[in-house]
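Summary of the model geometry
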Amino acid sequence: MGRNPSQRSYRNRSDRRTGKICRRRKNAPKPIITGCTATKPPFKKTRIITPPTSIPVVIVGAGPAGLATALALQQYGIYCTIIDNHPEHVVKPGESLPPNANAILNTLGIETLLESPNHNHYVGNTVVWGDGTVRSRYFMNEPYGNGRHLNRIAFETELRNTVQQHNIPLFLDYRLTNITEQEEQLFLNCTTPDGTVRTLKAGFVVDCSGRAAIVAKKMGVKRTTLDTLSAYYCTVPQPGNTLNGMTFIESVEDGWWYAAPIGDNKIIMHFMSDADLHTLKTPDLQYWFQQKIAETQHLNTLIHPDISMATAITIKTATTAILEQPCGPRWLAVGDALCSYDPLTSFGITNALAGGHAAAQAIEKLFNGDSSGISDYCQQQISVFDKSVAMLQNQYKMEQRWPSAPFWERRH
Ligand SMILES: Cc1cc2nc3c(=O)[nH]c(=O)nc-3n(C[C@H](O)[C@H](O)[C@H](O)COP(=O)(O)OP(=O)(O)OC[C@H]3O[C@@H](n4cnc5c(N)ncnc54)[C@H](O)[C@@H]3O)c2cc1C
């Protein structure tokens, strides 16, 4: 685990407002309120709990980025509150957590989450890319050992429970709708579970709202999107563990496939392609998806060709994108809100967790009067994104079998 400064809190209302922190007096009450969450209510009796109206740091979004930021801020003794617009977990794609994620999980003190039986060992990748040869690479020689194929809902539930155990307030069904700035404070309008609008006053706001990047958007900052990649995916029963703990990737003429085991004898299959290449009506999706699987050379030999037992096909944007400006004087963005990575990188969750930790370090510096941490954070995030995009381009260029197919032509 990384640095674990002693508990600190705010001396008075003014310090709390500015984010100025001091060591907490022994036996002083904890500078927290207990939040209500959908997963594990802390009170036996039903009580309506609302966040205080004046909060040093408000985190918008309770995905991996928001939860990691909150845990790291608490390591620095900085009081924060998380809000999320959903009343409960939403199903999200993204289940391959590569071995290098272990480092940031250790730093955040949450490495034991991966020991949960909900997640399976992710032992390597089988890739068909470039010349049609099937290549497998195992993680056994990696310094961190295996990665995990996550049960994503369980992972985020466990992460939220950890945040709750640390007494960090988490308010679900709170949707940020607007932000205004007055006298060095941000005023966040949120719709609440009872439909009323509540205004939270924050010294600093962290945008962890995923691709919505709602804080940045409300601050007038745009996102630059580099492609039109979309994911078409479903889960399907697959008795017999045909993928043997591997993530499987196969390129095809109009995109690439990704399949991974997700426990309970099921696999998730994604077809990744550009949205504009397929104009489909919902009733035709299942049939189209099955036809697409049949066109693959290898995937269709690994899975049962009849996908009539599959869940409905979901379509999600999977574009690579970055904010034109990652922060402002009283806000910054973390995770997908700042940079969304092509799922081919399997970097989204790791980036969200690591970004949360780095953002907390920058905020601590800022609260101690040094704004250089924020600019360093922004530069570092942009540099990681640029490097990843360059590596991604190389990876796409390695596939030259369909040079005139629009999907590949756009990426060469
Ligand atoms: C098809 C696909 C496959 C992927 N596969 C992988 C993979 O194998 N491995 C990997 O590491 N990554 C993968 N990813 C990426 C990964 O899922 C994301 O990078 C990760 O979820 C980012 O976490 P986050 O916390 O930044 O955002 P999110 O997980 O999107 O969380 C954002 C939160 O903000 C909340 N929110 C949004 N708007 C508001 C609002 N107005 N008010 C309050 N709350 C709000 C949302 O409800 C949500 O809970 C994949 C992505 C896609 C699209």
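The structure contained in this document is the topic of the report that follows. The shown structure was predicted, so the numbers you read here are calculated from the model rather than taken from an experiment. Numbering of residues begins from 1 in every chain and follows the order in which that chain's sequence is written. Residue-level local features of this predicted model are given only where pLDDT is at least 70; pairs of side-chain atoms are given and counted only at 80 or more, and the full residue set underlies all totals for whole chains, interfaces and linings.

So, the pairing of strand β13 (residues 197–207)
A regular strand places its side chains so that they alternate between the two faces of the sheet. Strand pairing is assigned whenever DSSP identifies at least 2 bridges connecting the two strands. Note on conventions: DSSP H or I runs of at least 4 residues are helices, E runs of at least 2 residues are strands, and numbering of each starts at the N terminus. Bridge count for strand β3 (residues 54–60) against β13 is 6 bridges, and the pairing is parallel. Residue pairing across strands places Ile 59 opposite Val 206, the latter belonging to β13. Pairing analysis gives 6 bridges linking strand β12 (residues 185–191) to β13, with the strands arranged antiparallel. Counterpart to Leu 186 in the pairing with β13 is Ala 202. Taking the residues between adjacent antiparallel strands as the criterion, β12 and β13 are bridged by 5 residues, where Gly 195 takes a positive phi near 90°. Of the strand pairs in this sheet, β13 and strand β22 (residues 331–333) are connected by 3 bridges, and their pairing is parallel. Counterpart to Val 205 in the pairing with β22 is Trp 331.

Some remarks on the packing of helix α2 (residues 64–75) against helix α8 (residues 348–367)
Note on geometry: axes are lines fitted to C-alpha atoms, helical ones only across the stretch in contact, with angles between N-to-C directions running from 0 to 180 degrees. Interhelical geometry of α2 versus α8 gives an angle of 35° and a closest axis separation of 7 Å. You can see that α2 and α8 cross each other, and the crossing is right-handed. Two secondary-structure elements touch here, α2 through Pro 64, Ala 65, Ala 68, Thr 69, Ala 72 and Leu 73 and α8 through Ile 349, Ala 352, Leu 353, Gly 355, Gly 356, His 357, Ala 359, Ala 360 and Ile 363. Side-chain classes are defined by residue name, with Ala, Val, Leu, Ile, Met, Phe, Trp, Tyr, Cys and Pro counting as nonpolar, Asp, Glu, Lys and Arg as charged, and the others, Gly among them, as polar. Residues that form the contact of α2 with α8 fall into these classes: 11 nonpolar, 4 polar and no charged. Should the near helix be turned counterclockwise from the far one by less than a right angle, the crossing is left-handed, whereas a clockwise turn marks it as right-handed. Each residue gets a C-beta atom placed from its backbone, and two residues are in contact if those atoms lie within 7 Å.

Overview of the sheet that holds strand β8 (residues 134–138)
Read from one edge of the open sheet, 7 strands run β8-β7-β16-β17-β18-β15-β19, paired in mixed fashion. Of all strands in the sheet, those with a lone pairing partner are β8 and β19 (314–317), marking the two edges. Strand-to-strand twist in this sheet, taken as the mean axis angle between neighbours without regard to direction, amounts to 20°. Summarising the sheet, strand β17 (residues 255–261) and strand β18 (residues 266–274) pair through 6 bridges and their orientation is antiparallel. By the bridge assignment, Trp 257 is partnered in β18 with Phe 271.

Details of α2
For a helix, the expected span equals 1.5 Å multiplied by the number of residues minus one. Look at α2: 17 Å from first C-alpha to last across 12 residues, which is about the 16 Å you get at 1.5 Å a residue. In terms of burial, α2 is largely enclosed, as 11 of its 12 residues are buried. Every buried residue of α2 is listed here: Pro 64, Ala 65, Gly 66, Leu 67, Ala 68, Thr 69, Ala 70, Leu 71, Ala 72, Leu 73 and Gln 75. Here the buried face of α2 lies against β3, β4 (80–84), α4 (152–165), β13 and α8. Phi for Gly 77, located one or two positions after α2, is positive at around 70°. Counting other C-beta atoms within 10 Å of a residue's C-beta gives its exposure: the residue is buried at 20 or more, exposed at 12 or fewer, and partly exposed in between, where C-beta atoms are placed from the backbone.

Quick notes on helix α6 (residues 285–294)
Every buried residue of α6 is accounted for by Phe 289, Lys 292 and Ile 293. One face of α6 carries all of its buried residues, which in axial projection span an arc of 100°. Counted as exposed and oriented over 90 degrees from the buried face of α6: Tyr 287, Gln 291 and Ala 294. Buried residues in α6 make contact with β15 (229–237), β18 and α7 (299–302). Working definition: the arc comes from the directions between the helix axis and the C-beta atoms, pointing outward to the latter.

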